[in-house]
Amino acid sequence: MTGLGAVFRPQLAPERLRAVARAADEVGLEELWLWEDCFREGGISTAAAALAWTERVRVGVGLLPVPLRNVAVTAMEAATLHRMFPGRAVLGVGHGVQDWMGQVGARAGSPLTLLREHLVALRALLGGERVTTKGRYVRLDDVTLDWPPEQPVEVLAGATGPRSLRLAGEAADGTVLTANTPPDGVRRARRLIDAGRAAAGRSEAHRVVVYLLAATGPGADERLRDELVAEGVGDVPDLGVAGDAAAVAEAVRRLAEAGADTVILQPTGDEPDPEGFVRFAAERVRPLTV
């Protein structure tokens, strides 16, 4: 069964998160995802708060930009969340938006190399290993976590280009695809991810999470169109969905048939009722996708 969730977008003020997270928990939404977009809200701080305010919903962060963090810090923060909230935290890492990384003096000469080194070290640390490595960017000397997760945890990677998608298959436990990925794009991504998995000799399950831009209620068509145009993808077919629960559920099914394991509904940046949006996802869309 395809997983379903929704995004709390960082265009909303941080103080709005509590009400949205509690609404998601009350209605049985499976996953609530958060973004660490520069320069809005921190991913780990918001995830910790959302997890503390709720009891059941899984909370994902997609994505943590690796240029902003030493991998040991990423591992410590991730392990802490997994120890405090077992089975409920989902963390993804990625290159980060290169212009934003440049603004803070953290732009890497080779984002792909940095992501590879970060993923390998992060998964090892979270697996309880003692790590010594001297890479181009990641350098650790006899580092191990005092409090690693008690159970195996998944580390997801955000990816868009062919090389990043192959890397996700090689070095991550799952992949996060943006809302600019239509069903055919999911199929292409799956092929590249599987090629990376084969090259690395990996046979375990690899979860693919896809965001789906969705709008419902008054003005839905206009809000969806405006956001796609603003993102420069207004002419790309099969992106996003506007309409009632049946229309959104059909778009979710198309992504699932293309290879998505989890679809995360992404409201438009001007969504007028974020609490209502998570209720819509759980109470009206979810029954139509089971």
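Thresholds applied
- Residues numbered from 1 in each chain as written.
- Predicted model: local features only at pLDDT ≥ 70, side-chain atom pairs only at ≥ 80, totals over all residues.
- Heavy atoms only, no water.
- Phe/Tyr/Trp six-rings, centres within 6.5 Å; stacked < 30°, edge-to-face > 60°.
- Helix = DSSP H or I, 4+ residues; strand = E, 2+ residues; numbered from the N terminus.
- Buried < 20%, exposed > 50% of the residue type's maximum accessible area, 1.4 Å probe, protein only.
- Salt bridge = Lys/Arg side-chain N within 4 Å of Asp/Glu carboxyl O.
- Axes fitted to C-alpha atoms, helices over the stretch in contact; angles between N-to-C directions.
- Parallel < 35°, antiparallel > 145°, perpendicular 65-115°, else oblique.
- Left-handed = near helix turned anticlockwise from the far one by under 90°.
- Contact = heavy atoms within 4.5 Å.
- Nonpolar A, V, L, I, M, F, W, Y, C, P; charged D, E, K, R; others polar.
- Pairing = 2+ DSSP bridges.
- Right-handed = clockwise from strand over helix to strand, strands pointing away.
- Core = buried A, V, L, I, M, F, W, Y, C linked by side-chain atoms within 4.5 Å.

With that settled, consider the packing of aromatic side chains. Applying the stated criterion across every chain yields a total of three aromatic pairs. Ring plane angle 85 degrees and centroid distance 6.2 Å describe the contact between Trp33 and Tyr211, whose orientation is recorded as edge-to-face. Residue Trp33 is found in strand E2 (residues 31-34), and its partner Tyr211 is found in strand E9 (residues 207-215); the two are separated by 178 residues along the sequence. Accessibility assignment for this pair places Trp33 and Tyr211 in one class, buried. A centroid spacing of 6.4 Å and a plane angle of 45 degrees characterise the contact between Phe277 and Phe280, whose relative ring orientation is tilted. Of the two residues, Phe277 and Phe280 both sit in helix H10 (residues 274-285), three residues apart, roughly one turn of that helix. A relative accessible area of 6% means that Phe280 is categorised as buried. An aromatic cluster is defined as three or more aromatic residues linked by ring pairs; in this entry it consists of Trp33, Trp35 and Tyr211.

Moving on, we come to the pattern of salt bridges. Per the stated rule, a full pass over the model turns up 23 salt bridges. Between Arg207 and Glu31 there is a salt bridge whose closest N-O contact spans 3.0 Å. Of this pair, Arg207 sits in strand E9 while Glu31 sits in strand E2, placing them 176 residues apart in sequence. Taken individually, Arg207 and Glu31 each receive the classification buried, so the pair is uniform in this respect. A salt bridge links Arg202 to Glu204; the shortest N-O distance between them is 2.6 Å. The exposure class of Arg202 is buried, given its relative accessible area of 14%. Several salt bridges share partner residues, and in doing so they unite Glu31, Arg58, Glu154 and Arg207 into one network.

Relative to each other, helix H5 (residues 111-126) and helix H6 (residues 162-171) sit at 15 degrees, their axes nearing to 10 Å. The orientation of H5 relative to H6 falls into the category roughly parallel. For the pair H5 and H6, the crossing hand works out as right-handed. Only Arg163, Ser164, Leu167, Glu170 and Ala171 of H6 make contact with H5, whose side of the interface consists of Leu112, Leu115, Arg116, Leu119, Val120 and Arg123. Among the residues making up the contact of H5 with H6, the classes are represented as six nonpolar, one polar and four charged.

Neither face of strand E7 (residues 155-158) is open: one carries Val155 and Ala157, the other Leu156 and Gly158, and all of them are buried. One ladder, built from three bridges, connects strand E4 (residues 89-94) with E7; its direction is parallel. By the bridge assignment for E7, Leu91 is matched with Val155. Relative to strand E8 (residues 174-177), E7 runs parallel, the two being bridged by three bridges. By the bridge assignment for E8, Gly158 is matched with Val176. Crossover handedness for the path E7 to H6 to E8: right-handed.

For Gly60, the location among the structural elements is in strand E3 (residues 58-65). When near neighbours in sequence (up to four residues on either side) are disregarded, Gly60 contacts Leu32, Trp33, Leu34 and Val90.

Core analysis: the biggest nonpolar cluster contains 80 residues, and Leu119 and Leu265 have the highest contact counts within it. Looking at this core, the element that brings in the most residues is H5, giving nine residues. Apart from the residues lying within four places of it in its own chain, the contact partners of Leu119 are Val93, Val155, Ala157, Leu167, Ala171 and Ala172.

Limitation: the analysis is restricted to geometry and does not speak to function.
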